[in-house]
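In case you want the letters, here they are:
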Amino acid sequence: MITTNETARILIEALPYIRNFTGKTIVVKVGGVPMTDPARMRSLAKDILLLHSVGIRPVLVHGGGPQIDVEMAKSGIEVKRVEGLRVTDAEVLDIVRMVLVGKTNRDLVAAINALEPVAIGVAGEDGRLLEVEPIDERLGFVGKVTKVRGALLHDFHDDGLIPIVSTVGADVTAQPYNINADDAARAIAVAMGAEKIIYLTGTPGLLEDPSDPSSLVHRLTATEARDRIADESVTGGMIPKLLACAEAVEGGVGSAHMIDGRTEHAILVELFTDEGIGTMVIGESGQ
Ligand SMILES: Nc1ncnc2c1ncn2[C@@H]1O[C@H](COP(=O)(O)OP(=O)(O)O)[C@@H](O)[C@H]1O
Ligand SMILES: CC(=O)N[C@@H](CCC(=O)OP(=O)(O)O)C(=O)O
């Protein structure tokens, strides 16, 4: 049982962090794994609302890879990925939009709005928030973000709203494209001049040995992150995630964090306490 003194100490410890982050943009990307449990989604909604309530400007970007896999299986379509990216033909693209824009985004918006009606859902193809180019024709409709209309998201914040972004973008002809949500979150954080980007994932962070959760890498630079991708010590979904962290700090975001989205209130511990959790990627100066 937490004592009154401990509660007071925690609040006092949080104060300088709250002061430091007030008025700043923090991008939180939640992966599909942490969202498989509705209780976790409700807990995430409380955390995001708390950030908003203390004057932080949060942008919640979500994935939904496992949820797309389930719908593809129901339709009897085989899942193919190349270096963590889903091969997306027109049929798969329909499923991606249905799941990300039609379901996952709505569930997150509803989870926050059940507490306070300040969440607004937006897809990357709305108002061409996320403009893309195809990455590689072998991947089909998979896009790399070339432009972010960040002003749209700043406007939502100015209006007291929390934008919840699903990462289906569009090219200049309005053709929709599937985007890796980690990379889309990175592009948004860079375009908005975010203070931090936080990835809530299905692992404790970057692991030396992916089968050993205690082998957590606490801190590394963007160059070290790129080296680990080059020497193939990370695989699957960790490749775009680690690359996104490196590109975020190289693009001017203060720091990028990968933390365990399955741990309740991990965002609050990361932001408001002296306890660093998960993996932090920083710029070359070590700051
Ligand atoms: N070195 C590593 N450390 C941690 N995870 C790794 C590593 N190498 C590969 N992975 C894999 O990457 C996955 C995380 O990427 P992904 O599933 O896309 O994340 P998300 O949970 O955000 O959707 C982990 O669940 C793990 O299977
Ligand atoms: C191109 C590509 O691979 N897009 C991803 C988009 C969703 C996503 O990134 O979801 P997670 O964050 O849960 O991994 C996909 O289709 O799975």
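Every residue gets a number counted from 1 within its own chain, in the order that chain's sequence is written. The naming scheme follows written order: chains are lettered A onward, ligands numbered 1 onward. Per-residue local features of the predicted model are confined to residues with pLDDT of at least 70, and side-chain atom pairs are confined, for both listing and counting, to 80 or more; whole-chain, interface and lining totals are unaffected and use all residues.

### Describing the site of ligand 2
So, step 1. In this analysis a residue is considered near a molecule or strand if the C-beta atom, reconstructed from its backbone, is found within 6 Å of that molecule or strand. As a matter of local geometry, ligand 2 sits amid 16 residues, with Gly 32, Gly 63, Gly 65, Arg 86 and Ala 181 nearest to it.
So, step 2. At the level of secondary structure, the elements contributing two or more residues to the shell around ligand 2 comprise helix 3 (65-74) and strand 4 (85-86). Going along the chain from the N terminus, every DSSP run of H or I of four or more residues is numbered as a helix, and every run of E of two or more is numbered as a strand.

### Focus on the UniProt feature "site: Transition state stabilizer" (unreviewed entry) in the protein chain
So, step 1. Taken from the UniProt record, the annotation "site: Transition state stabilizer" (unreviewed entry) applies to Lys 29 and Lys 241. Taken along the chain, the residues just named run across 213 residues; in space they keep tight, none of their C-alpha pairs more than 10.4 Å apart.
So, step 2. Inspection of the secondary structure puts Lys 29 in strand 1 (residues 25-30).
So, step 3. Using C-beta atoms placed from the backbone, we call a residue buried if 20 or more other C-beta atoms fall within 10 Å of its own, exposed if 12 or fewer do, and partly exposed for counts in between. Accessibility expressed as a C-beta count within 10 Å gives 29 for Lys 29, which makes it buried.
So, step 4. Residue position: Lys 241 is located in helix 8 (residues 238-250).
So, step 5. Other than its neighbours up to four places away in sequence, Lys 241 contacts Asp 182, Tyr 199, Thr 201 and Met 258. UniProt positions are given in the numbering used here, feature names are shortened, and annotations may be inferred rather than shown by experiment. We call two residues in contact when the distance between their C-beta atoms, placed using the backbone, is within 7 Å.

### Brief notes about the UniProt feature "binding site: substrate" (unreviewed entry) in the protein chain
So, step 1. Using the residue numbers shown here, the UniProt feature "binding site: substrate" (unreviewed entry) corresponds to Gly 64, Gly 65, Arg 86 and Asn 178. A maximum C-alpha distance of 11.8 Å places the annotated residues, which cover 115 residues in sequence, within one compact spot.
So, step 2. By the element assignment, Gly 64 lies in the loop between strand 2 (57-62) and helix 3.

### Thoughts on the environment of Ala 151
So, step 1. Note that Ala 151 resides in helix 5 (residues 150-158).
So, step 2. Looking at Ala 151, the number of C-beta atoms within 10 Å reads 13, which means it is partly exposed.
So, step 3. For Ala 151 and Met 192, which are 41 residues apart along the polypeptide, the C-alpha to C-alpha distance reads 8.0 Å.

### Some thoughts on the pairing of strand 14 (residues 279-282)
So, step 1. Where strand 12 (residues 219-221) meets strand 14, 3 bridges bridge the pair, whose relative direction is parallel. Bridging from a neighbouring strand, Thr 221 pairs with Ile 282 of strand 14.
So, step 2. In this description, strands pair whenever DSSP reports at least two bridges between them. Summarising the sheet, strand 13 (residues 255-260) and strand 14 pair through 3 bridges and their orientation is antiparallel. By the bridge assignment for strand 14, Ala 256 is matched with Val 281.

### Some thoughts on the site of ligand 1
So, step 1. Residues in contact with ligand 1 amount to 17 residues; listed here are only the nearest, Gly 31, Thr 201, Gly 202, Gly 237 and Met 238.
So, step 2. Split into classes, the residues belonging to the shell around ligand 1 amount to 6 nonpolar, 10 polar and 1 charged. Here the term charged refers only to Asp, Glu, Lys and Arg, the term nonpolar to Ala, Val, Leu, Ile, Met, Phe, Trp, Tyr, Cys and Pro, and the term polar to all other amino acids, Gly among them.

### Structural notes on the sheet that holds strand 12
So, step 1. Read across the sheet, 8 strands follow the order 5-8-2-1-11-13-14-12 without closing on themselves; strand pairing throughout is mixed. At either margin of the open sheet sits one strand with a lone partner, and together these are strand 5 (119-123) and strand 12. Adjacent strand axes in the sheet meet at a mean angle of 20 degrees, parallel and antiparallel pairs treated alike.
So, step 2. Across the sheet, helix 2 (residues 38-53) touches strand 1, strand 2 and strand 8 (162-166), and the angle it forms with strand 2 is around 150 degrees. Orientation is described by axes fitted as lines to C-alpha atoms, over the contacting stretch for helices, and by angles from 0 to 180 degrees between their N-to-C directions.

### Side note on the nonpolar core
So, step 1. Here, a nonpolar core denotes buried Ala, Val, Leu, Ile, Met, Phe, Trp, Tyr and Cys residues that are linked to one another through C-beta atoms within 7 Å. Ranked by size, the top nonpolar core spans 80 residues in total, and within it Val 27, Ile 188, Ala 189, Ile 197 and Cys 245 carry the most contacts.
So, step 2. Among the elements that line this core, the one with the most residues is helix 4 (residues 90-113), at 10 residues.
So, step 3. Dropping the residues within four chain positions of it, Cys 245 is found in contact with Ala 225, Ala 256, Met 258 and Val 281.

### What about unusual backbone geometry?
So, step 1. Its identity is not glycine, yet Ala 174 carries a phi of approximately 75 degrees, on the positive side.
So, step 2. Tracing the chain through its elements places Ala 174 in the loop between strand 9 (168-170) and strand 10 (176-178).
So, step 3. You can call Ala 174 exposed: it has 8 C-beta atoms within 10 Å.
So, step 4. The backbone phi angle of Glu 232 is positive, close to 60 degrees, even though this residue is not glycine.
So, step 5. Tracing the backbone through its elements, the reader meets Glu 232 in the loop between helix 7 (222-230) and helix 8.
So, step 6. Take Glu 232: there are 8 C-beta atoms within 10 Å of it, and that puts it in the exposed class.

### Describing the packing of helix 7 against helix 8
So, step 1. The N-to-C vectors of helix 7 and helix 8 enclose an angle of 155 degrees; their axes lie 9 Å apart at closest approach. Classified by the angle their axes make, helix 7 and helix 8 are roughly antiparallel. For the pair helix 7 and helix 8, the crossing hand works out as left-handed. Residues Ala 222, Ala 225, Arg 226, Arg 228 and Ile 229 of helix 7 form the contact with helix 8, whose participating residues are Ile 239, Leu 242, Leu 243, Cys 245, Ala 246, Val 249 and Glu 250.
So, step 2. Here the contact of helix 7 with helix 8 is built from residues that sort into 9 nonpolar, no polar and 3 charged. Under this scheme an angle from 65 to 115 degrees is roughly perpendicular, one under 35 degrees roughly parallel, and one over 145 degrees roughly antiparallel; angles in between are oblique. Each crossing is labelled by how the near helix is turned from the far one, with a counterclockwise turn of less than a right angle marking it left-handed and a clockwise turn marking it right-handed.

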